[in-house]
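What follows is the residue order along each chain.
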Amino acid sequence: AAREVVEERPPGVERGTSLWLALFSEHARAFVRGVYEGRERDAGHAARQLLQRGAAVKTTAPGDYSQALAERERLRHELLKWMGGTPLLVAPVGAVPAFEHGARKVFAGGEEIGVFRAFGYAQAFNVFDLPVACVPAGLSLEGLPVGVQIVGRPGAERDVLAAARVVEEALGGWRRPPEFL
């Protein structure tokens, strides 16, 4: 059956990155510290950066955490209500195509921004606890891979995977990237 496609911004997604940071950054740092304790030299670039910054980062006050959690729940409720009429979303994975491994900054919209911020689209749907599948959607003008996220409502993992398969098959699926010199 044909479905209607509408270009629209879902409510609350613009708050995804800041909510993710408020709710999960300290837990992520603690997890990475535990994984690499006594083996810090084995950590990759991103994990080393997190370990080095960990001591300098301000901790979230309990009231701030509670406030962020309440905001997350309110926005999630709003988003799920909106998704009652829009059961699947196709969204960018990030603001830029693939980038060099280890890069800390990228250019998006003529502005240099951090990689974490550039991929705020992914954090938004993660913080709202929604099932997502990422699939290749083509190549940039420079020949770099670009992906999209198929986002669904809680419990709709089969629908998300079915839609991801349709998108992937329609766009040619995964291809070996060109060799870069």
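The structure reproduced in this document is the subject of the present report. (Residues numbered from 1 in each chain as written. Predicted model: local features only at pLDDT ≥ 70, side-chain atom pairs only at ≥ 80, totals over all residues. Heavy atoms only, no water.)

## Remarks on the overall build of the protein
Heads up, the condition is: Secondary structure follows DSSP: runs of H or I at least 4 residues long count as helices, runs of E at least 2 residues long count as strands, and numbering of each begins at the N terminus. Exposure classes here rest on a 1.4 Å probe applied to the protein chains alone. A residue is buried below 20% of its type maximum, exposed above 50%, and partly exposed in between. Whether two residues touch is decided by their heavy atoms; if any such pair falls within 4.5 Å, the residues are in contact. Note on areas: these come from Shrake-Rupley sampling with a 1.4 Å probe, and a residue is covered only by the protein chains present in the view.
What the protein contains, in helices and strands, is six helices and five strands. Oriented by its inertia axes, the alpha-carbon framework of the protein measures out at about 55 × 50 × 35 Å. Buried positions account for 33% of the 181 residues belonging to the protein. Sequence separation of 24 or more characterises 62% of the internal contacts of the protein that already satisfy a separation of 6 or more. Within the structure as shown, the protein displays about 12300 Å² of accessible surface, and the carbon and sulfur contribution to it stands at 56%.

## With respect to the pattern of salt bridges
Under the convention used in this document: One speaks of a salt bridge when a side-chain nitrogen belonging to Lys or Arg is within 4 Å of a carboxyl oxygen belonging to Asp or Glu.
On inspection of all chains with the given rule, the structure shows seven salt bridges. Two residues, Glu 73 and Arg 72, come together in a salt bridge whose shortest N-O distance is 2.1 Å. Under the relative-accessibility criterion, Arg 72 is labelled buried at 13%. Glu 111 serves as the salt-bridge partner of Arg 117, at 3.5 Å between the closest nitrogen and oxygen. Relative accessible area serves as the criterion here: at 52%, Arg 117 is assigned to the exposed category.

## So, helix 1 (residues 16–36)
Stated formally: Each residue after the first adds 1.5 Å to the expected span of a helix. Two axes are fitted around each residue, one to the seven residues ending there and one to the seven starting there, and the angle between them is reported as the bend at that residue.
An ideal rise of 1.5 Å per residue puts 30 Å on 21 residues; helix 1 measures up with 28 Å between its terminal C-alpha atoms. If you look at helix 1, its biggest bend is around 50 degrees, right at Phe 24. Three or more residues of helix 1 are buried, namely Gly 16, Thr 17, Leu 19, Trp 20, Leu 23, Ser 25, Arg 29, Val 32 and Tyr 36. With its phi angle positive at about 80 degrees, Gly 38 sits one or two positions after the end of helix 1.

## A look at the packing of aromatic side chains
Within a pair of aromatic rings, the relevant descriptors are the distance that separates the centres and the angle that separates the planes. Quick note on the threshold: Pairing of aromatic side chains requires ring centres within 6.5 Å, counting the rings of Phe and Tyr and the six-membered ring of Trp. Pairs whose planes differ by under 30 degrees are stacked, by over 60 edge-to-face, and all others tilted.
A full pass over the atoms with the stated rule returns three aromatic pairs. Ring geometry for Trp 20 versus Phe 24: centroids 5.7 Å apart, planes at 65 degrees, classification edge-to-face. With Trp 20 and Phe 24 both in helix 1, this residue pair falls four residues apart, about one helical turn. Taking relative accessible area as the criterion, Trp 20 reaches 18% and is therefore assigned buried. Taken together, the ring pairs connect Trp 20, Phe 24 and Phe 116 into an aromatic cluster.

## Examining the pairing of strand 2 (residues 105–108)
We apply this condition: Should DSSP find at least two bridges between two strands, the strands are taken to pair.
The two faces of strand 2 differ: Val 106 and Ala 108 on one face are buried, but Lys 105 and Phe 107 on the other face are not. In this sheet, strand 3 (residues 111–114) lies alongside strand 2 in antiparallel orientation, the contact comprising four bridges. Counterpart to Lys 105 in the pairing with strand 3 is Gly 114. Taken together, strand 2 and the strand that follows it, strand 3, pair antiparallel across an intervening segment of two residues, in which Gly 109 is found at a positive phi of about 60 degrees.

## Observations concerning the side chain of Glu 71
In this structure, Glu 71 sits in helix 3 (residues 62–82). With residues up to four places along the chain from it excluded, the contact list for Glu 71 reads Arg 15 and Leu 19.

## Some thoughts on the nonpolar core
Going by this rule: Grouping buried Ala, Val, Leu, Ile, Met, Phe, Trp, Tyr and Cys residues that are joined through side-chain atoms within 4.5 Å yields what is termed a nonpolar core.
Membership of the largest hydrophobic core comes to 17 residues, with the highest contact counts inside it found for Phe 125, Phe 128 and Leu 130. Top contributing element to this core by residue count: helix 3, with four residues.

What is shown is where atoms sit, not what they do.
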